[in-house]
Amino acid sequence: MTKILGLISQKGGVGKSTLARAIACEAQKAELGVKIADFDLQQGTFTKWHQRRLQADLNEVGSVEMFKSVRAALEAADGFDLLIMDGEGRASEKTLEITKVADLVIIPCGVSNDDTEPTCDLAKALVDKGIPRKKIVVTLSRVGSDASANRAREDIEARGFMVVDGYIPEKTSYSDAQYVGKSILETRHQSVNDKSQSFIDTLIEIILKV
Ligand SMILES: Nc1ncnc2c1ncn2[C@@H]1O[C@H](COP(=O)(O)OP(=O)(O)OP(=O)(O)O)[C@@H](O)[C@H]1O
Ligand SMILES: [Mg+2]
């Protein structure tokens, strides 16, 4: 059975593709067969990053393809262990479709209330449409401090949604790495890699359990 992971958000630029890339790298390292569905037809963020990666002579992180429809992505993922659906910039009708078929839905979120409120509103709208609350998790990304992460976590949990332990800090080296086709696990700074590695390890554990 293919495990299906959906990365979605209400707002753009929250780190969906960043997480999708790191999860794909890690899953590939664990020798899982990984299919990545890039639904961002306008930007093709994942696809272009993968192209940069291959041009830089780095390893493939799976089979990457752009899709318009969720159904086509599901068909193409037949035989793979993991399908990662990297959602488009903002929430759309496709967001609900992704959420319906996913075993786990990740909503990356920044730490200000400008981020946590729309994130919880989206999660609630999905629950109202019949999506089980327990398959939705929020991850904190682009975090500046422990204090801001704790505050965001409390806000989100108070609205009844799960927040994954730990967070991805905001680091220039993360964007620099991705600029050259690397993931946030592959920056030039070991301590920065360790931080993202521990978070991605936590996520992979959750993914493997669902
Ligand atoms: N933790 C971080 N630290 C520094 N830069 C980051 C971090 N996370 C993401 N970025 C940068 O922020 C930008 C947006 O990230 P990303 O593309 O992952 O978000 P997204 O949610 O997929 O965006 P979109 O909504 O456009 O699909 C990228 O330039 C990325 O390199
Ligand atoms: Mg993206």
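Let me sum up the structure you'll find in this document. (Residues numbered from 1 in each chain as written. Chains lettered and ligands numbered in written order. Predicted model: local features only at pLDDT ≥ 70, side-chain atom pairs only at ≥ 80, totals over all residues. Heavy atoms only, no water.)

This part is about the overall build of the chain. Looking only at helices and strands, one finds 8 helices and 7 strands in the chain. For 210 residues, the compact-globule formula gives about 17 Å, and the C-alpha radius of gyration of the chain, at 16 Å, lands near that figure. When its C-alpha atoms are laid out on the principal axes, the chain stretches across 45 × 40 × 30 Å. For the chain, the residues scored as buried account for 49% of the 210 residues in total. For the chain, the proportion of contacts with a sequence separation of at least 24, taken over those separated by at least 6, is 76%. Surface accessibility of the chain: about 10100 Å² in total, with carbon and sulfur atoms responsible for 48%. On the chain, the mean spot of the 28 positive side-chain charges and the mean spot of the 31 negative ones are 3 Å from each other. (Helix = DSSP H or I, 4+ residues; strand = E, 2+ residues; numbered from the N terminus. Rg over C-alpha atoms; globule rule 2.2 N^0.38 Å. Buried < 20%, exposed > 50% of the residue type's maximum accessible area, 1.4 Å probe, protein only. Contact = heavy atoms within 4.5 Å. Areas by Shrake-Rupley, 256 points an atom, 1.4 Å probe, with all protein chains shown as cover. Lys, Arg positive; Asp, Glu negative; His and termini not counted. Charge placed at Lys NZ, Arg CZ, Asp CG, Glu CD.)

Once that is clear, we can look at the pairing of strand β6 (residues 136-140). When you tally the buried positions in β6, you get 5 out of 5 residues, the bulk of the element. Residue alternation in β6 divides its side chains into two sets, I136, V138 and L140 and V137 and T139, and both sets are buried. As for the winding sense of the linkage, the β-α-β connection from strand β5 (residues 104-109) through helix α5 (residues 113-128) to β6 is right-handed. Pairing analysis gives 2 bridges linking β6 to strand β7 (residues 162-163), with the strands arranged parallel. Each bridged residue has a counterpart across the sheet, and for V138 the counterpart in β7 is V163. The β-α-β motif built from β6, the intervening helix α6 (residues 146-158) and the parallel element β7 has right-handed crossover chirality. (Right-handed = clockwise from strand over helix to strand, strands pointing away. Pairing = 2+ DSSP bridges.)

Attention now goes to empty space enclosed by the protein. Taken as a whole and judged by the stated rule, the model has 2 cavities of 30 Å³ or more. Considered as a void within the structure, the largest cavity measures approximately 50 Å³ in volume. Lining the largest cavity, in full, are L7, I8, S9, G87, E88, R90, A91, S92, K94, T95 and I98. Sorting elements by how many residues they give to the lining of the largest cavity places helix α4 (residues 93-101) first, with 3 residues. Within the lining of the largest cavity, the residues separate by chemical class into 4 nonpolar, 4 polar and 3 charged. The space that makes up the second largest cavity amounts to roughly 30 Å³. Surrounding the second largest cavity, Q10, K11, V14, P108, C109, G110, D115, P118 and T119 form its lining. Among the secondary structure elements, those contributing two or more residues to the lining of the second largest cavity are β5 and α5. (1 Å grid on protein atoms, 1.4 Å probe; cavity = no way out; pocket = protein on both sides within 12 Å on 5 of 7 lines; lining within 4 Å. Points joined across faces, edges and corners; volume = space filled by probe spheres on them. Nonpolar A, V, L, I, M, F, W, Y, C, P; charged D, E, K, R; others polar.)

This part covers the sheet that holds strand β4 (residues 82-86). Taking strand neighbours across the sheet as the criterion, the 7 strands line up as β3-β2-β4-β1-β5-β6-β7 in an open arrangement whose pairing is parallel. Across the chains shown, the open sheet's two edge strands, defined by having one partner strand only, are β3 (63-66) and β7. Across 5 bridges, the pairing between strand β2 (residues 34-38) and β4 is parallel. Pairing of V34 across the sheet is with L82, part of β4.

Once that is clear, we can look at the packing of aromatic side chains. Under the definition given, this model contains 1 aromatic pair. Pairing F46 with W49 gives two aromatic rings, centres 5.2 Å apart and planes at 80 degrees, and the pair type is edge-to-face. Note that F46 and W49 are positioned in helix α2 (residues 45-55) at a spacing of 3 residues, about one turn of the helix. Note on W49: relative accessible area 0%, which makes it buried. Geometry around F161 places R133 over its ring, the cationic atom sitting 4.5 Å from the centre. For K195, the ring lying beneath its charged end belongs to Y167, and the centroid distance is 4.4 Å. (Phe/Tyr/Trp six-rings, centres within 6.5 Å; stacked < 30°, edge-to-face > 60°. Lys NZ or Arg CZ within 6 Å of the ring centre and 35° of its normal.)

So, about the layout of surface pockets. There is about 490 Å³ of room inside the largest pocket. Every residue lining the largest pocket is counted, 26 residues in all, and those nearest its centre are G13, G15, T18, R142 and Q178. For the lining of the largest pocket, the secondary-structure elements that each account for two or more residues are α1 (16-29), α2 and α7 (172-179). Here the lining of the largest pocket is built from residues that sort into 6 nonpolar, 13 polar and 7 charged. Roughly 190 Å³ of internal volume is contained in the second largest pocket. Taken together, D103, L104, K134, K135, V137, M162, V163, V164, I206, K209 and V210 make up the full set of residues lining the second largest pocket. Listed by contribution, the elements that provide at least two residues to the lining of the second largest pocket are β7 and α8 (190-209).

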